[in-house]
Amino acid sequence: MDESPPAIDGYDAIEFWVGNAKQAAHHYRSAFGFALTAYAGPETGVGDRASYVIEQGDIRFVLTSGVRPDSQIVAHHARHGDAVRDVAFRVPEAAAAFDAAVSRGANPLHPPRSLHDDDGAVVSAAISVFGDTIHSFVERTAYRGAYLPGYVSIEDDPIAHPVGLRSLDHVVANVELGRMEEWARFYERILAFRPLRHFDDEDVSTADTALMSKVLGDAAGRIKMPINEPAAGRKRSQIEEFLDANGGPGIQHVALETPDIVTTVRSLRERGVGFLAVPSEYYAEAEDRVGHVEESWGDLRDLGILVDRDDEGYLLQIFTEPLQDRPTMFYEIIQRHGATGFGLGNFRALFEAIERAQQRRGNL
Ligand code: FE2
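Parameters at a glance
Residues numbered from 1 in each chain as written. Predicted model: local features only at pLDDT ≥ 70, side-chain atom pairs only at ≥ 80, totals over all residues. Heavy atoms only, no water. Pairing = 2+ DSSP bridges. Helix = DSSP H or I, 4+ residues; strand = E, 2+ residues; numbered from the N terminus. Contact = heavy atoms within 4.5 Å. Axes fitted to C-alpha atoms, helices over the stretch in contact; angles between N-to-C directions. Buried < 20%, exposed > 50% of the residue type's maximum accessible area, 1.4 Å probe, protein only. Polar contact = N/O pair within 3.5 Å; in protein donor to acceptor, adjacent residues only side chain to side chain. Domains from an automatic or database assignment. Buried area = accessible area lost by both parts, 1.4 Å probe. Salt bridge = Lys/Arg side-chain N within 4 Å of Asp/Glu carboxyl O. Nonpolar A, V, L, I, M, F, W, Y, C, P; charged D, E, K, R; others polar. Phe/Tyr/Trp six-rings, centres within 6.5 Å; stacked < 30°, edge-to-face > 60°. Lys NZ or Arg CZ within 6 Å of the ring centre and 35° of its normal.

S.K.: Explain the sheet that holds strand S3 (residues 49-56) to me, using residue names and the numbers behind them.
M.R.: The nine strands are arranged S6-S7-S8-S5-S1-S4-S3-S2-S9 in an open sheet whose pairing can be described as mixed. Only two strands of the sheet have a single partner each, and these edge strands are strand S6 (107-117) and strand S9 (152-153). The sheet contact formed by strand S2 (residues 35-40) and S9 spans two bridges and is antiparallel. Bridge pairing links Ala38 to Ser153 in S9. Relative to strand S4 (residues 59-66), helix H1 (residues 21-30) is tilted by about 155°, and along the sheet it contacts strand S1 (10-17), S2, S3 and S4. Packing against the sheet, helix H3 (residues 94-103) makes contact with S6, strand S7 (120-128) and strand S8 (134-139), and its axis sits at approximately 10° to S7.

Spelled out as structure tokens, the structure:
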């Protein structure tokens, strides 16, 4: 390992490959408050796909679907359903990041390529990781346009009313039984991520299911990626259910940070976003476990927001139902009051809620 690791400035975008990007974009705009900011598709000279760029705060998602039966995107959708394709990182130099990653053992997917239009140039490259997931390295220092060359910019989305989502907090992968360690080492070796935390099945289990999790992150603290694998339980774990429904490993959830979770979740609920139900007993013990919080316990209980405390402070979090019919990708909404963890104390409460949903689907 002679080359220094790739320099990474943070997340650039998360691209989803979905069955119907036009409708998905409408859902993210009307229900989650994202604004449509750019578009590329047949009307703009892109023959095989349509891509909608949506943004809120510093969060940027790209929703893409194939528009031809022989498209790679259509095949991806047939296998995985609506799923994350690309967790893209913004880098100061895409060619250098790609060369460093590949020399440290990453699988190359796209070598660096430069795209230009009147707004400047973007260089991007990509490596492949677990399942059909990829990481693009995007260098946009010489670009003034809305997203990438070839996209038309869209001003003033009339239907998007933001709900206060501000940044990407973490992105979580589910991998096969016995492969968590290998992928953790991959991120340490290739991207020089550091191990931040480890949970084993003693920490994260209920009577029925369990998981193991390792959290990796970059040195600057901008990127956090927990990696889960199933652990043996009495019944089929939620990670196994994901792996079956997703046709292999992939991104399980994306955590979106807000500075005011009560207002954000209230708005999302008003717009019909579904969240996992919290067991009623949860709030009976939560106040004793967590102690003083700035928010009203009544609001937290009414909205189903979970609370956890670690050495550095506390955090508030809530999990949506899966966004698609397959029990795969979902969102977490999170607000941090100092705590840097992931809500370990809530895992059991959450697992029990997920298991009730699994039971309703006949998968437990
Ligand atoms: Fe999370």
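S.K.: Residues and numbers for the environment of Asp132, please.
M.R.: Structurally, the position occupied by Asp132 is in the loop between S7 and S8. On the basis of relative accessible area, Asp132 is assigned to the partly exposed category, the value being 35%. Residues Asp132 and Gly81, spaced 51 residues apart in sequence, show a C-alpha to C-alpha distance of 12 Å. Not counting residues up to four positions away in its chain, the partners in contact with Asp132 are His76, Arg79, His80 and Arg85. There is a polar contact of 2.6 Å between the side chain of Asp132 and the side chain of His80.

S.K.: Just give me the short version of the domain arrangement of the protein chain, but keep the residues and values in it.
M.R.: In many analyses, interface size is given as the accessible surface area lost on bringing the parts together. Looking at the protein chain, the domain boundaries give domain 1 (10-153) and domain 2 (167-361). On a C-alpha basis, the centroid separation for the pair domain 1 and domain 2 is 25 Å. Taken residue by residue, the interface counts 32 residues in domain 1 and 37 residues in domain 2. Interface area for domain 1 against domain 2, summed over the two sides, is near 2900 Å², with a carbon-plus-sulfur share of 68%. If you sort the residues of domain 1 by the area they bury against domain 2, Tyr11, Phe32 and Phe130 come out on top, with a joint share of 26%. Run the count over domain 1 and domain 2 and you get zero salt bridges. Between domain 1 and domain 2 we count nine residue pairs in polar contact (both at pLDDT 80 or more) in total. For the side of domain 1 that touches domain 2, the secondary-structure elements that each account for two or more residues are S1, H1, S4, helix H2 (72-80), strand S5 (83-90) and S8. Classifying every residue of the side of domain 1 that touches domain 2 by side-chain character gives 18 nonpolar, 11 polar and three charged.

S.K.: Hey, could you go over the packing of aromatic side chains for me, with residue numbers and the actual values?
M.R.: Ring pairs (aromatic) are described by centroid distance and by the angle formed between their planes. Scanning the model with the defined rule gives 19 aromatic pairs in all. Ring plane angle 35° and centroid distance 6.4 Å describe the contact between Tyr11 and Phe89, whose orientation is recorded as tilted. Within this pair, whereas Tyr11 is found in strand S1, its partner Phe89 is found in strand S5, the two being separated by 78 residues in sequence. Considered together, Tyr11 and Phe89 belong to a single accessibility category, that of buried residues. Measuring from ring centre to ring centre gives 4.9 Å for Tyr147 and Tyr151, while their planes differ by 90°; the resulting arrangement is edge-to-face. Overall, Tyr147 belongs to the buried group, its relative accessible area being 7%. Owing to a relative accessible area of 17%, Tyr151 belongs among the buried residues under this scheme. The ring of Phe342 is capped by Arg336, whose NZ or CZ atom sits 5.6 Å from the centre of that ring.

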